Amino acid sequence: MSSMNPESPSWEQHLTQHLQKLRRPVAHIEWQAVGGDADLIGSRMGGPVYWPDHTPWPVNRTGEPLVFLAQLNLGELPALLGFPRQGLLQFWIDGDGLYGLDFDTQAERVQHGYRVVYWPHPERRSDWQHPAPSQEAVDDLTPHNPGRCFAMRFRLDSEVPDDWEAVQVLLARLQTQPLPDGLRPLTSAEQQDWLAQYFDRMEDEDRNSGSKVGGYPCFTQSDPREAGSPLQLLLQLDSDDSADLMWGDCGVGHWFIDPADLARAAFDRVLYNWDCC
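Okay, so let's go over this structure.

Criteria and cut-off values
- Residues numbered from 1 in each chain as written.
- Predicted model: local features only at pLDDT ≥ 70, side-chain atom pairs only at ≥ 80, totals over all residues.
- Heavy atoms only, no water.
- Helix = DSSP H or I, 4+ residues; strand = E, 2+ residues; numbered from the N terminus.
- Rg over C-alpha atoms; globule rule 2.2 N^0.38 Å.
- Buried < 20%, exposed > 50% of the residue type's maximum accessible area, 1.4 Å probe, protein only.
- Contact = heavy atoms within 4.5 Å.
- Areas by Shrake-Rupley, 256 points an atom, 1.4 Å probe, with all protein chains shown as cover.
- Lys, Arg positive; Asp, Glu negative; His and termini not counted.
- Charge placed at Lys NZ, Arg CZ, Asp CG, Glu CD.
- Expected span 1.5 Å × (residues − 1).
- Arc of directions from axis to C-beta.
- Pairing = 2+ DSSP bridges.
- Phe/Tyr/Trp six-rings, centres within 6.5 Å; stacked < 30°, edge-to-face > 60°.
- Axes fitted to C-alpha atoms, helices over the stretch in contact; angles between N-to-C directions.
- Parallel < 35°, antiparallel > 145°, perpendicular 65-115°, else oblique.
- Left-handed = near helix turned anticlockwise from the far one by under 90°.
- Salt bridge = Lys/Arg side-chain N within 4 Å of Asp/Glu carboxyl O.
- Core = buried A, V, L, I, M, F, W, Y, C linked by side-chain atoms within 4.5 Å.
- Polar contact = N/O pair within 3.5 Å; in protein donor to acceptor, adjacent residues only side chain to side chain.

For the rest of this paragraph, the subject is the overall build of the protein chain. Looking only at helices and strands, the protein chain has four helices and 12 strands in total. A compact globule built from 277 residues would reach a C-alpha radius of gyration of about 19 Å, and the protein chain, at 21 Å, matches this within 12%. Referenced to the eigenvectors of the C-alpha coordinate spread, the extents of the protein chain come out at roughly 70 × 35 × 35 Å. Burial analysis of the protein chain (277 residues in total) assigns 49% to the buried set. In the protein chain, the share of contacts with a sequence separation of at least 24, taken over all contacts with a separation of at least 6, comes to 73%. Looking at the protein chain as shown, the accessible area adds up to about 13,300 Å², and 49% of this sits on carbon and sulfur atoms. Mean positive and mean negative side-chain charge positions of the protein chain (21 and 42 charges, respectively) differ by 8 Å.

Laid out in structure tokens, this is it:
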């Protein structure tokens, strides 16, 4: 097969080589159901809520309380580039059926229907422990069962992007750069054909799926970030029957942050999104 053919493995090798330069660390989340008392400030989803009594409860724009979804004890995370090494990071959403997602204000990253809260020095105080609402209390309008607790266990790895848009951008950029001998730039039509064939071959790998901290996102629809956005994945929570977690019809939830904000532990400008099939 000629290396001038868009199906040539040389193009795949060239792309793979450049994808490797984009490799990022990731902490995959493994769920463990908690049958007894949950660690109040441990990394987990659902269960009792840590919230200091002197702080107003997080509410939506109409004053209704938000629902605690999950939290990360950053001291329990494997070493991840750019992440604070201590503190408790909580994720709250609205029980409104859309899980707090507001498409009108999403790009502005205004936390009306969701909240990301950072406690630099959390304390294990029983008087700051509040009961979780039952699933019946939220009328099944959250992706999780707030009353069930699942602890997080982390597995450190690294990964490259594998969603269509990210690979398409990289492939297009490579057309404008010097190419190895035997390769020529692909036309727009050839790029689309090549991408379709590439993802057909990669279909079973599903490398960016699953719940995790850091790394690269997977989408059932499209990337909500604008082209050229500096925002990187902070947290991904993927639908998982074993954790009683379901975003609509087998969807996935994302939180994105600017690395500069992450470095200074500023979480008030986090972009939240979820989508489903």
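Glancing now at helix 3 (residues 188–202). For helix 3, with 15 residues, the first-to-last C-alpha span of 21 Å sits near the 21 Å given by 1.5 Å per residue. Of the residues making up helix 3, those classed as buried are E190, Q191, W194, L195, Y198, F199 and M202. Viewed end-on, helix 3 has its buried residues packed into an arc of 160 degrees, placing them on one side of the element. Of the exposed residues in helix 3, those oriented more than 90 degrees away from the buried face are A189 and D200.

To continue, consider the sheet that holds strand 5 (residues 88–93). Spatial ordering of the open sheet is given by 6-5-4-2-8-1-9-10-11-12, a layout of 10 strands whose pairing is antiparallel. Across the chains shown, the open sheet's two edge strands, defined by having one partner strand only, are strand 6 (114–119) and strand 12 (271–275). Direction of pairing for strand 1 (residues 24–33) relative to strand 9 (residues 212–214): antiparallel, over a ladder of three bridges. What sits directly across from H28, in strand 9, is K212.

On to the packing of aromatic side chains, then. What the rule picks out here adds up to 19 aromatic pairs. Here the aromatic cluster, defined as three or more aromatic residues joined through ring pairs, consists of Y50, W51, W57, F68, W92, W119 and W128.

The interhelical angle for the contact between helix 2 (residues 164–174) and helix 3, taken along N-to-C directions, is 135 degrees, at an axis separation of 11 Å. The orientation of helix 2 with respect to helix 3, classified from their angle, is oblique. The hand of the helix 2/helix 3 crossing is right-handed. Here W164, V167, Q168, L171 and A172 of helix 2 lie close against helix 3, whose contacting residues are Q191, Q192, W194, L195, A196, Y198 and F199.

Further remarks concern the environment of Q175. Tracing the sequence through the fold places Q175 in the loop between helix 2 and helix 3. For Q175, a relative accessible area of 13% gives the class buried. Expressed as a C-alpha distance, the spacing of Q175 and R207, which sit 32 residues apart in the sequence, is 25 Å. Excluding anything up to four places from it in sequence, Q175 contacts W11, P185, L186 and Q191.

Turning our eyes to something else, we now look at the pattern of salt bridges. Taken as a whole and assessed by the stated rule, the structure comprises 10 salt bridges. A salt bridge links D127 to R125, with the nearest nitrogen and oxygen atoms 2.7 Å apart. Judged by relative accessible area, R125 falls into the partly exposed class, the value being 31%. Of the charged contacts, one joins D223 and R225 as a salt bridge, the two residues approaching to 2.7 Å between their closest N and O atoms.

Further remarks concern the nonpolar core. Counting residues in each nonpolar core, the largest one holds 37 residues, and the members touching the most others are V213, L234, L237 and W255. Counting only elements with at least two residues in this core, the list comes to strand 1, strand 4 (67–73), strand 5, strand 6, strand 8 (150–159), strand 10 (232–238), strand 11 (252–257) and strand 12. With near-sequence residues (within four places) excluded, V213 lies in contact with V26, A27, I29, L72, L77, L80, F83, F154, L234 and L235. Of all hydrophobic cores here, the second largest spans 15 residues; its members include L15, L171, L174 and L183.

Right, let's get into the pairing of strand 5. Among the six residues of strand 5, six are classified as buried, and the element is accordingly described as predominantly covered. One ladder, built from six bridges, connects strand 4 with strand 5; its direction is antiparallel. Pairing of F68 across the sheet is with W92, part of strand 5. Where strand 5 lies against strand 6, six bridges are found, and the strand directions are antiparallel. The residue bridging F91 from the neighbouring strand is V116, located in strand 6.

This part covers the side chain of S239. Mapped onto the fold, S239 is located in the loop between strand 10 and strand 11. A polar side-chain atom of S239 sits 3.0 Å from the main-chain amide nitrogen of W247. When near neighbours in sequence (up to four residues on either side) are disregarded, S239 contacts L245, M246, W247, C250 and G251.

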